[in-house]
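Now for the letters of each chain:
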Amino acid sequence: MFSEKIQIGLKKQLNRELESSQLYLSMASWVECKHESLEGISNFLYDHSDEERKHMLKLIRYINKRGGYADAFMEKTIIENVSYNSLKELFQKLFEHEKIISEEINSLVELSLQERDYFTYNFLQWYVEEQIEEEALTKMILSKIKLVEKDKAGLYLFDRDIKNFHLNRE
Ligand code: FEO
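Scoring rules and cut-offs
Residues numbered from 1 in each chain as written. Predicted model: local features only at pLDDT ≥ 70, side-chain atom pairs only at ≥ 80, totals over all residues. Heavy atoms only, no water. Helix = DSSP H or I, 4+ residues; strand = E, 2+ residues; numbered from the N terminus. Contact = heavy atoms within 4.5 Å. Phe/Tyr/Trp six-rings, centres within 6.5 Å; stacked < 30°, edge-to-face > 60°. Buried < 20%, exposed > 50% of the residue type's maximum accessible area, 1.4 Å probe, protein only.

Moving on, we come to the environment of Leu94. One can find Leu94 in helix H3 (residues 87-114). Linking Leu94 and Leu23, residues 71 residues apart in sequence, is a C-alpha distance of 8.5 Å. Once residues lying within four places of it in the same chain are set aside, the contact partners of Leu94 are Leu23, Tyr24, Met27, Leu45 and Thr138.

All right, on to the packing of aromatic side chains then. Scanning the entire structure with this criterion turns up 5 aromatic pairs. Centre to centre, the rings of Tyr62 and Phe123 are 3.9 Å apart; their planes meet at 10°, and the pair counts as stacked. Of this pair, Tyr62 sits in helix H2 (residues 39-65) while Phe123 sits in helix H4 (residues 118-148), and the two are 61 residues apart along the sequence. By relative accessible area, Tyr62 is classed as buried at 9%. Taking the centre distance of 5.5 Å and the plane angle of 55° together, the rings of Phe123 and Tyr127 count as tilted. Here the residue Phe123 and the residue Tyr127 both occupy positions in helix H4, the gap between them amounting to 4 residues, near one helical turn. Of the two residues, Phe123 and Tyr127, both sit in the buried class. One aromatic cluster is present, formed by Phe2, Tyr62, Phe123, Trp126 and Tyr127 through successive ring pairs.

What follows is about the side chain of Gln131. Looking at the secondary structure, you find Gln131 in helix H4. Every residue in contact with Gln131, bar those within four places of it in the chain, is listed here: Glu98, Ile101, Ser102 and Ile105.

Moving on: the side chain of Ser102. Here Ser102 lies in helix H3. Here Ser102 falls in the buried class, since its relative accessible area comes to 9%. Look past the residues within four positions of Ser102 in its chain and what remains in contact with it is Gln131 and Glu135.

The quantities given are spatial measurements derived from coordinates; they are silent on function.
This is the structure we're talking about:
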């Protein structure tokens, strides 16, 4: 059964994915503006913003397919005053953000079990896998940034290589 509780939880999550997309977008724009030579990093962030939008769409379509109606879009979609002291700070924030998203997915999985909604439980396994990979990816990028941030040659190579960093499940 597709309960009201589940529907509310999934709608909340689709808004979190939209917010993630906006966050990656704002970060991409900041890097493009403040570090214009680092187009590998800004492209990575722009691409990932698109990925997050796909995560949102997947939720919308699932809710509608189950007989619900994905009508609740964000109260607040605008991310303003984006500024970071460093690339390390930016990627640290991203890593923390992904960890929060993982906790929210875990709570939804728990809710699906409480509500005995095994269709939703099964649907959410895609997001569980995704979050394992996203956390690992952002953690790896953060550790590399910490290594090279003060080293111009290292940063140049990092910017060149980041286009090859993918989620393992893609
Ligand atoms: Fe769709 Fe990065 O969580």
